[in-house]
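Residues per chain, in single letters:
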Amino acid sequence: MKAILATNNMHKVDEFKRFFADAGISIELIPIKESGFTGEIIENADTFEGNAFIKADALCRYSGMISIADDSGLCVDALGGAPGVYSSRYSGAFANDAKNNAKLLSELKDVPFEKRTARFVSVICVRRPDGKALYVRGEAEGFILESPRGKGTFGYDPLFYYPPLKKTFAELEGGEKNAVSHRGNALKALAEHKEFFDTRCE
Ligand code: IMP
């Protein structure tokens, strides 16, 4: 079976593919750029659920295939939950990971370690051509460091310290991140709903 994965973030694509393979779910995931879709998707909802639906729905309508989208972000307690759904655009119109991380460090500059609590959140929406939609959510709790550690991943991973492993998410290797991450936890919840991918189900 094939499904569209409504993202062009190849780190996310890798995490999804690795999870589906490990879970024994045989679905070929097609990222947006291989789907032929060239439209613009405006993520203007104020919840992770809303934005995940907007992405999955756009690709499902375009392709007529099951479409899966993850909307995720970092919620920092000392910042009232920011950047939250604005995580990818935190530093403005020309945001990138380096600028977003720099802004986060600057906003937290006077906050001591024990108050730098944060969680990554991931909501996955699966949209079926028959109009049905499924949502699963995963979270991961940690602390924001004062300087980055590790490399090779994306987003806020180098600043996100995960106490049970005494490492940042950027210091984790291979499947280690999926085993504990927000997206990994959402994917584990998704694996409980394998039947939803069979569009003959009511
Ligand atoms: P989205 O692609 O619209 O869901 O935006 C997600 C944004 O949240 C990314 O651009 C990152 O800034 C941040 N983010 C979400 N998941 C992760 C993760 O696993 N590691 C690091 N940053 C993440």
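These numbers were taken from a predicted model, which means no experiment stands behind them. (Residues numbered from 1 in each chain as written. Predicted model: local features only at pLDDT ≥ 70, side-chain atom pairs only at ≥ 80, totals over all residues. Heavy atoms only, no water.)

Focus on the pairing of strand β3 (residues 67–76)
If a strand is regular, its side chains alternate between the two faces of the sheet. As a reminder of what qualifies: Only protein chains enter the calculation, and the probe is 1.4 Å; a residue is then buried if its accessible area is under 20% of its type maximum, exposed if over 50%, and partly exposed in between. Segments assigned H or I by DSSP are reported as helices when at least four residues long, segments assigned E as strands when at least two residues long, and all are numbered from the N terminus. Following DSSP output, two strands are said to pair if at least two bridges run between them.
When you tally the buried positions in β3, you get 10 out of 10 residues, the bulk of the element. Residues S67, A69, D71, G73 and C75 line one face of β3 and the alternating positions I68, D70, S72, L74 and V76 line the opposite face, and both faces are buried. Where strand β1 (residues 2–5) and β3 come together, two bridges link them in parallel fashion. Bridging from a neighbouring strand, I4 pairs with S67 of β3.

Let's talk about the packing of aromatic side chains
Worth spelling out the cut-off: The criterion for an aromatic pair is that two Phe, Tyr or Trp rings (for Trp, the six-membered ring) have centres within 6.5 Å, with stacked assigned to planes under 30 degrees apart, edge-to-face to planes over 60 apart and tilted to the rest. Charges are assigned to positions over rings by a cutoff of 6 Å between ring centre and Lys NZ or Arg CZ, combined with an angular limit of 35 degrees from the ring normal.
If you walk through the whole model with that rule in mind, you get 10 aromatic pairs. Ring geometry for F20 and F197: centres 6.1 Å apart, planes at 90°, overall edge-to-face. Of the two residues, F20 sits in helix α1 (residues 10–22) while F197 sits in the segment after α5 (182–191), which places them 177 residues apart along the sequence. Of the residues examined, F197 reaches a relative accessible area of 4% and is grouped as buried. Here the aromatic cluster, defined as three or more aromatic residues joined through ring pairs, consists of F16, F19, F20 and F197. Above the face of the Y90 ring, K103 is positioned so that its terminal group lies 4.4 Å from the ring centre. Over the aromatic face of F196 sits the side chain of R128, whose NZ or CZ is 4.9 Å from the ring centroid.

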